[in-house]
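Structural features, examined
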Amino acid sequence: MAADLIAPSILSADFARLGEEVENVLASGADIVHFDVMDNHYVPNLTIGPLVCEALRKHGVTAPIDVHLMVKPVDRIIPDFAAAGADYITFHPEASEHIDRTLQLIRSQGCKSGLVFNPATPLSYLDYVMDKVDMVLLMSVNPGFGGQSFIPATMGKLRQARQMIEASGCDIRLEIDGGVKVDNIAEIKAAGADTFVSGSGIFGKGRDSDPNRYDSIIREMREAMAGVGR
Ligand code: DX5
Ligand code: ZN
């Protein structure tokens, strides 16, 4: 079974001290950095771009950076994120005119590729591109904002995505994004996820008595998942 990866979404970090926040959450036991890119067009919010990704690398962040593109169109910006140090680049199929081409573009830039599914987006987009995907990301909220509640129908969709991945025989991670907290992470893992994005669940409430540390919230997430199969 693939290792559980905890991926704090920096959307809920203190942007005025972003380098330190990322350093601290990784030192507290997180595995990868989830980097939400929003364009005020595909989603009604505006966040960060390649310059910020590059700044984190220059700050000394060596952990994988998981770039979640909520932008339309997507192709133009992909080489910029690859050059800025992204490891994973995922995008929404509705935001690309040529999904297969975009997946190939990501890999040609030396990154791992992924497709992101909104709550109402069918998994059938995967049918003919399974071999070109390294990550399947299921949104358990509608994209655009942190701090929303997990949409329960995503549990069944996770099970379906897990079955599709196992049947393909490909090495693909299954990531969940939106409303992931200590109290639902075990059930989410049991439904099939192996990569867990959490923004407000970690940065919002998870500060230890030392406001720069997140050890206890990450430990609680791992404890909740211990012994749970997928
Ligand atoms: C929403 C983003 C998420 C967001 C999750 O569009 O893709 O990554 O930060 O935030 P929480 O964990 O607070 O739901
Ligand atoms: Zn995200």
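Before reading further, recall that the structure is shown in the block above.
Reference entry: report on the structure contained in this document. Throughout, residues of each chain are indexed from 1 in the direction in which the sequence is written. Naming scheme: in the order in which they are written, chains are lettered from A and ligands are numbered from 1. Confidence filtering applies because this is a predicted model: local features only for residues at pLDDT of at least 70, side-chain atom pairs given and counted only at 80 or more, and all residues used for totals across whole chains, interfaces and linings. Hydrogens and water are ignored here; the side-chain numbers use all heavy atoms of the structure.

With that settled, the discussion passes to empty space enclosed by the protein. Think of a ball as big as a water molecule: rolled over the atoms, this probe shows where empty space is left. A cavity here means a set of points on a 1 Å grid, drawn over the protein atoms and nothing else, where a 1.4 Å probe fits but cannot get out; a pocket is an open set with protein on both sides within 12 Å along at least five of seven lines, and a residue lines either one if it has an atom within 4 Å of a point. Grid points are joined across faces, edges and corners, and a volume is the space filled by probe spheres set on the points. In total, this model carries one cavity of 30 Å³ or more according to the counting rule given. Its boundaries defined by the atoms lining it, the largest cavity holds a volume of some 220 Å³. Taken together, 26 residues make up the lining of the largest cavity; nearest its centre are Phe-145, Gly-146, Gly-147, Asp-177 and Gly-178. Secondary structure elements with two or more residues in the lining of the largest cavity: β2 (33-38), β3 (65-70), β8 (195-198) and α7 (200-204). Any residue that is not Ala, Val, Leu, Ile, Met, Phe, Trp, Tyr, Cys, Pro, Asp, Glu, Lys or Arg is counted as polar, Gly included; the first ten are nonpolar and the last four charged. Tallied by class, the residues present in the lining of the largest cavity amount to nine nonpolar, 14 polar and three charged. Helical segments are the DSSP runs of H or I of at least four residues, strand segments are the runs of E of at least two, and each set is numbered from the N terminus.

A separate point is the layout of surface pockets. In this model, the largest pocket occupies a volume close to 270 Å³. Taken together, 14 residues make up the lining of the largest pocket; nearest its centre are Ala-2, Asp-171, Ile-172, Arg-173 and Asp-194. The dominant element in the lining of the largest pocket, judged by the number of residues it contributes, is helix α5 (residues 154-168), at three residues. Looking at the lining of the largest pocket residue by residue, the classes come out as six nonpolar, no polar and eight charged.

This part takes up the sheet that holds β3. Read across the open sheet, the eight strands follow the order β1-β8-β7-β6-β5-β4-β3-β2; overall the sheet is parallel. Strands with a single pairing partner mark the edges of an open sheet, and in this sheet they are β1 (5-8) and β2. Across the sheet, the mean angle from the axis of one strand to that of its neighbour is 25°, orientation sign disregarded. The sheet contact formed by β3 and strand β4 (residues 88-91) spans four bridges and is parallel. Residue Val-67 lies in a different strand from β4, and its bridge partner there is Ile-89. Note on contacts: a residue pair is in contact if any heavy atoms of the two residues lie within 4.5 Å. Each axis is a line fitted through C-alpha atoms, and for a helix only the stretch in contact is used; angles between axes span 0 to 180 degrees, taken between their N-to-C directions. Sitting on the sheet, helix α8 (residues 215-225) touches β1 and β8, and the angle it makes with β1 is about 145°. Strand pairing is assigned whenever DSSP detects at least two bridges linking the two strands.

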